[in-house]
Amino acid sequence: MSILILDDDPDVGIAAKLLLQRRFGPVRLLQQPADLSAALDAEPVELLLLDMNFLPGRIDGAQGQAVLAEVMRRAQPPAVIVMTAYAEVNLAVAALKAGAFDFITKPWNNDKLLATVAAALASRKPKAEVASALLGESRVMHELRSLIRSVAPTDANVLVLGEMGSGKELVAREIHALSKRAGQTFLSVDLGALSDSTLESELFGHKRGSFTDARSERLGRFQAAQGGTLFLDEVANMPLAAQAKLLTVLERREVTPLGADAAVPIDVRIVSATNLDETALFDAQRFRPDLLYRLNTIVLRLPPLRERREDIPLLAQHYLAHYAAQYQKTDRALSPQALAGLMARDWHGNVRALRHACERAVILAPGEQFELADFALQRAPQASAASPLAPAVTADSAEASPALLPLSERERAALEEAMQAAQGNISQAARLLGLSRAALYRRLEKYGL
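All values derive from a computational prediction rather than experimental measurement.

Rules used throughout
- Residues numbered from 1 in each chain as written.
- Predicted model: local features only at pLDDT ≥ 70, side-chain atom pairs only at ≥ 80, totals over all residues.
- Heavy atoms only, no water.
- Pairing = 2+ DSSP bridges.
- Helix = DSSP H or I, 4+ residues; strand = E, 2+ residues; numbered from the N terminus.
- Axes fitted to C-alpha atoms, helices over the stretch in contact; angles between N-to-C directions.
- Contact = heavy atoms within 4.5 Å.
- Parallel < 35°, antiparallel > 145°, perpendicular 65-115°, else oblique.
- Left-handed = near helix turned anticlockwise from the far one by under 90°.
- Nonpolar A, V, L, I, M, F, W, Y, C, P; charged D, E, K, R; others polar.
- Salt bridge = Lys/Arg side-chain N within 4 Å of Asp/Glu carboxyl O.
- Core = buried A, V, L, I, M, F, W, Y, C linked by side-chain atoms within 4.5 Å.
- Buried < 20%, exposed > 50% of the residue type's maximum accessible area, 1.4 Å probe, protein only.

A few words on the sheet that holds strand β12 (residues 298-301). Judged by pairing direction, the sheet is parallel, and its five strands sit side by side in the order β7-β8-β11-β6-β12 without closing on themselves. Edge positions in the sheet fall to β7 (186-190) and β12, since each has one partner strand and no second. The mean angle between the axes of side-by-side strands here comes to 20°, regardless of whether they run parallel or antiparallel. Bridging between β7 and strand β8 (residues 229-233) involves five bridges; their strand directions are parallel.

Here it is as structure tokens:
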């Protein structure tokens, strides 16, 4: 992947580059809009971080809007995140309407910037990803696709239930794509990645000076998604106090930004998701029943991959072909032993884990066909009285890569054990492991969980 930053302030560009390249790889810097077209022609760019003001004293974002319009006219435009120190409502909304994926205010929160960039890069392959999330000939997938087609044209709130990696956001994007709001904005907010102190500002926005660090006006997600769809991911991780405020917004169909005197009407469709077990979801100590009833007008249950093993061959072939084309590799067949091993695995990371395994195989496999060892499958954890985090040796790990380090196996096992103990609650799992939520998310992504 390739990330390009266009900002006339070299200090800002370097700071963003140092932060992003550690996680996402090579990042290039530009300072002048005039150089952008040649840079986009020189090599493929997955993501552009675009400053909105390049002339001294200008804060209207006009030049940034012109650059954004030019980028969007390209045959294959990159995802665009606009950056501005002047987060005026009209400017941010105009950028989103013009095709920007999201916006970031400067100075930014590092975790917020990382999460936004990760989401933007994930959106670069919407057709392949949605196809993989909904691909399958199993009965449960036929039923799921039928339900999506039925509910999408309505404005009913939808709650998507499913384990991590099963494709909940991709289902939400498909609902939006088939809805009457398809031409409007789709915005996703990961509530599990937000701290309690920033959650309200992120959702509802704030006015300048409303709290100590509020140096400029901030557009909330509800306003930014006006007319479109707002996807509330990991909604069950919200604190109860914030749940009450979200309920008020949904009931009144208006938001009051922090520090504002008047409420702002909103028109958004809500699709939410959680990996929390349904039993825990109905625990009033964790999730408000009145909010749940507001969100779950329609419930879509996304099955884990282990409950539709018959779809694994189709998914594996899809991903192997996809990554062979992406990395310009020769198409290769799966050996019978490799296919049997993939189907026998429980795939606790679900479709996401299978996708990562197929990508590794395409890159690293040396032979004329794929063998099970090419997928570098790590051992699944097995709890025991003597060692609750000890990794198990399973049938599908017998041919796993011998180069794997025990430390990585133990870290993955600890992550899975903590997520199971916390019933999928990111905040609780992070506390069990002594990590921040952002650090936990990075490790979960690393291991495809």
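Don't stop here, the text continues.
What follows concerns the side chain of Asp311. Of note, Asp311 is situated in the loop between β12 and α14 (312-326). Each residue touching Asp311, except ones within four places of it in the same chain, is listed here: Leu135, Gly136, Glu137, Ser138 and Met141.

This next bit is on the packing of helix α9 (residues 196-204) against helix α11 (residues 240-252). Relative to each other, α9 and α11 sit at 15°, their axes nearing to 11 Å. Taken as axis vectors, α9 and α11 run roughly parallel relative to one another. At the point where α9 passes α11, the crossing takes the right-handed sense. Only Ala242, Lys245, Leu246 and Val249 of α11 make contact with α9, whose side of the interface consists of Leu199, Glu200 and Phe204. A per-class count over the contact of α9 with α11 returns five nonpolar, no polar and two charged.

Turning our eyes to something else, we now look at the sheet that holds strand β5 (residues 102-105). Taken in spatial order, the five strands make up an open sheet running β2-β1-β3-β4-β5, and their pairing is parallel. In the strand order of this sheet, the two ends are held by β2 (27-30) and β5, each with one partner. Across the sheet, the mean angle separating the axes of adjacent strands is 20° when strand polarity is ignored. Where strand β1 (residues 3-6) and β2 come together, four bridges link them in parallel fashion. Residue pairing in the sheet places Leu4 in a bridge with Arg28 of β2. Each of β1, β3 (47-51) and β4 (79-84) touches helix α3 (residues 62-72); the most contacted strand, β3, lies at about 160° to it.

This part takes up the pattern of salt bridges. A side chain with one charge can pair with a side chain of the opposite charge if their charged atoms come near. The tally for this structure, following the rule as stated, stands at 15 salt bridges. As a salt-bridge pair, Asp267 and Arg181 come within 2.8 Å of each other at their nearest N and O atoms. You can see Asp267 sitting in the loop between β10 (264-265) and β11 (269-274) and its partner Arg181 sitting in the loop between α8 (168-177) and β7, a full 86 residues away along the chain. Measuring nitrogen to oxygen at the nearest pair gives 3.1 Å for the salt bridge that ties Arg308 to Asp311. Each of Asp155, Lys180, Arg181 and Asp267 takes part in a single network of salt bridges with overlapping partners.

In terms of nonpolar packing, the biggest core is built from 57 residues, with Leu36, Leu50, Leu203, Phe222 and Leu232 touching the most fellow members. For Leu50, the contacting residues outside a window of four places in its chain are Leu6, Gly64, Val67, Leu68, Val80, Ile81, Val82 and Met83. The next biggest cluster of nonpolar side chains, apart from the first, holds 23 residues, and it includes Tyr323, Val351, Leu354 and Cys358.

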